[in-house]
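Each chain, written out:
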Amino acid sequence: MIKRKISSASINNSKKQKVSTSVQSSLSSFVKSQPRNQTITSETLLDKIKDENKELLSLEFKTMNSEWLKVLSEVIQKPSFIELKKYLQREKDNNKKIFPPEPEIYSWSRFTPPSSVKVVIIGQDPYHDVGQAHGLCFSVPHGVPPPPSLINIYKALKNDIPSFQIPKHGNLINWTKAGVLLLNTSLTVRAHEAASHSGKGWEKFTDAVIQYLNDRKNGLVFMLWGNHAIKKGKNINKTKHLVLQTVHPSPLSAHRGFFECSHWSKANAYLKSHGKQEIEWDCLTESD
């Protein structure tokens, strides 16, 4: 009989793997066992997280909407997300400037919890210049001039709904409060380096957001602008939801059909036909 030597490192790794799987299964089972209408606090969920990951995930527990935290509790404990958080920590340790500011990375979740989502607009990655990104795709804070793509969005909306008043700012928070989820594919970016955090792990996380909405909700409107967003939304169930596709609003492509897409009136017609309140797209001027 041949005896194989098993190193202590191999045994330890095996034990760690089993413990990690056990913790993940425990948290997942805990969340699923709770009644859907019962509020689970951030503190309750945090108690179930491995001690070594609590600091890494502190931002999620401090700043993410509690509904989304419950939905994504299994995702944020996966090894791929932990590796993403370690990567972002290394970026900070190396004095890399990251946008948006940490408290605003999950602002999309706080303004539009799962229970209020009616429309989903998918962007790519945050604006990478100083002061622009605040956690909502295509949107910028008050005091920052609207970027070219957003200017084109306003123009197309005006063509679609003539009563729409183009605001003097680029802050889309009022849309999010009305049920429009403004989600980027990557939630962070290194200053002045477009797409610098693409492929680091955010994509799996935001895929989970879209998958949840696709699977668990009915009668949503997904606006997919440009090849990136269209690819991101390729698995959306078109029998359960309305999927609107066109070119990106960037000045490089908007002239190829974006100004004539009429997505906003189509979205409202669909919502109305499904017994839902329409989006008041003209609510932005209230913040002028």
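Residues numbered from 1 in each chain as written. Predicted model: local features only at pLDDT ≥ 70, side-chain atom pairs only at ≥ 80, totals over all residues. Heavy atoms only, no water.

Under the annotation held in an unreviewed UniProt entry, the chain carries the name Uracil-DNA glycosylase and is attributed to Rhizophagus irregularis. The Function (unreviewed entry) comment attached to the chain in UniProt states, word for word, "Excises uracil residues from the DNA which can arise as a result of misincorporation of dUMP residues by DNA polymerase or due to deamination of cytosine." Among the UniProt annotations of the chain, the heading Catalytic activity (unreviewed entry) holds the following wording: "Hydrolyzes single-stranded DNA or mismatched double-stranded DNA and polynucleotides, releasing free uracil." (UniProt positions renumbered as here; feature names shortened; annotations may be inferred.)

Chemist: Would you mind going over helix α10 (residues 202-216) in detail, with residue names and values included?
Modeler: One turn of the α-helix equals 3.6 residues, which is why residues spaced by three or four share an orientation. With 15 residues, α10 should cover 21 Å at 1.5 Å per step; its first-to-last C-alpha distance of 21 Å lies within 8% of that length. Considered for burial, the residues of α10 that qualify are W202, F205, T206, A208, V209, I210, Y212, L213 and N214. (Helix = DSSP H or I, 4+ residues; strand = E, 2+ residues; numbered from the N terminus. Expected span 1.5 Å × (residues − 1). Buried < 20%, exposed > 50% of the residue type's maximum accessible area, 1.4 Å probe, protein only.)

Chemist: Break down the nonpolar core for me, citing the residues and quoting the values.
Modeler: Counting residues in each nonpolar core, the largest one holds 73 residues, and the members touching the most others are W108, F205 and W264. For this core, the element with the highest residue contribution is α10, accounting for seven residues. Not counting chain neighbours up to four residues away, the residues in contact with W108 comprise W68, L72, G135, L136, L181, L182, L183, L187, F205 and V209. (Core = buried A, V, L, I, M, F, W, Y, C linked by side-chain atoms within 4.5 Å. Contact = heavy atoms within 4.5 Å.)

Chemist: Break down the packing of helix α8 (residues 148-160) against helix α12 (residues 263-273) for me, citing the residues and quoting the values.
Modeler: Between α8 and α12, the shortest axis-to-axis distance is 7 Å and the interhelical angle comes to 60°. It follows that α8 is oblique to α12 by the angle criterion. Of the residues in α12, those touching α8 at I153, A156, L157 and D160 are H263, W264 and S265. For the contact of α8 with α12, a count of residues per class yields four nonpolar, two polar and one charged. (Axes fitted to C-alpha atoms, helices over the stretch in contact; angles between N-to-C directions. Parallel < 35°, antiparallel > 145°, perpendicular 65-115°, else oblique. Nonpolar A, V, L, I, M, F, W, Y, C, P; charged D, E, K, R; others polar.)

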